[in-house]
Amino acid sequence: MKNWIKQGDAYDLEIDLTLEGAPVTDSNLSLIQTAEFCLGDLRQEYKSDGTGTVTFSGGKFRFPLSQSQTFALREGPVMLDIRVKDVSGAVHGLENMIQVTIRDAISRREL
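All values derive from a computational prediction rather than experimental measurement.

A. View of the overall build of the chain. Looking only at helices and strands, the chain features one helix and eleven strands. What you see in the chain, going N to C, is helices and strands ordered as β-β-β-β-β-β-β-β-α-β-β-β. A globule of 111 residues ought to have a C-alpha radius of gyration of about 13 Å, and the chain, at 14 Å, matches this closely. Dimensions of the chain along its principal axes, counting C-alpha atoms only, are 45 × 25 × 20 Å. By the burial criterion, 36% of the 111 residues in the chain qualify as buried. Looking at the chain alone, contacts between residues at least 24 apart form 62% of all its contacts between residues at least 6 apart. A distance of 6 Å separates the average location of the 12 positive side-chain charges in the chain from that of its 16 negative side-chain charges.

Right, here's the structure in full:
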């Protein structure tokens, strides 16, 4: 995963996720009902029924970021926190949050 974001960037932040010591792949993705991704004040979900804004492909979760969302992030370190609800209904928070550095942009204009 990229560990920095420049204010004004717009792309899918790719996130590798490991649960119980194994990476999440297409073969075990069906065990996840919902995954919540919080990047600073931004909150998005992956849902197994396809209604969430976070998607999964190529072995990675893809957290979409717009220019307006990244402009709203404050310069400096921001934590990415992830919680997963499995098909049994149990909710597991990841042991370690991921630090992402937000870098300042001179321009505040969306392209």
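Okay, back to it.
B. Main features of the sheet that holds strand 7 (residues 55–57). The strand order 2-8-7 describes an open sheet built from three strands, whose pairing is antiparallel. Taken across any chain shown, the strands that pair with only one partner, and hence form the sheet edges, are strand 2 (11–15) and strand 7. Direction aside, neighbouring strands of the sheet carry axes that sit 40 degrees apart on average. Where strand 2 lies against strand 8 (residues 60–65), five bridges are found, and the strand directions are antiparallel. Note on strand 8: the bridge partner recorded for leucine 13 is phenylalanine 63.

C. Inspection of the side chain of aspartate 9 at higher detail. Here aspartate 9 shows up in the loop between strand 1 (4–6) and strand 2. Buried within the structure, aspartate 9 lacks any salt-bridge partner; its nearest side chain of opposite charge belongs to lysine 2, at an N-O separation of 4.0 Å. Those residues in contact with aspartate 9, other than ones at most four positions away along the chain, are Lys2, Leu65, Ser66, Gln67 and Thr70.

Parameters and conventions
- Residues numbered from 1 in each chain as written.
- Predicted model: local features only at pLDDT ≥ 70, side-chain atom pairs only at ≥ 80, totals over all residues.
- Heavy atoms only, no water.
- Helix = DSSP H or I, 4+ residues; strand = E, 2+ residues; numbered from the N terminus.
- Rg over C-alpha atoms; globule rule 2.2 N^0.38 Å.
- Buried < 20%, exposed > 50% of the residue type's maximum accessible area, 1.4 Å probe, protein only.
- Contact = heavy atoms within 4.5 Å.
- Lys, Arg positive; Asp, Glu negative; His and termini not counted.
- Charge placed at Lys NZ, Arg CZ, Asp CG, Glu CD.
- Pairing = 2+ DSSP bridges.
- Axes fitted to C-alpha atoms, helices over the stretch in contact; angles between N-to-C directions.
- Salt bridge = Lys/Arg side-chain N within 4 Å of Asp/Glu carboxyl O.

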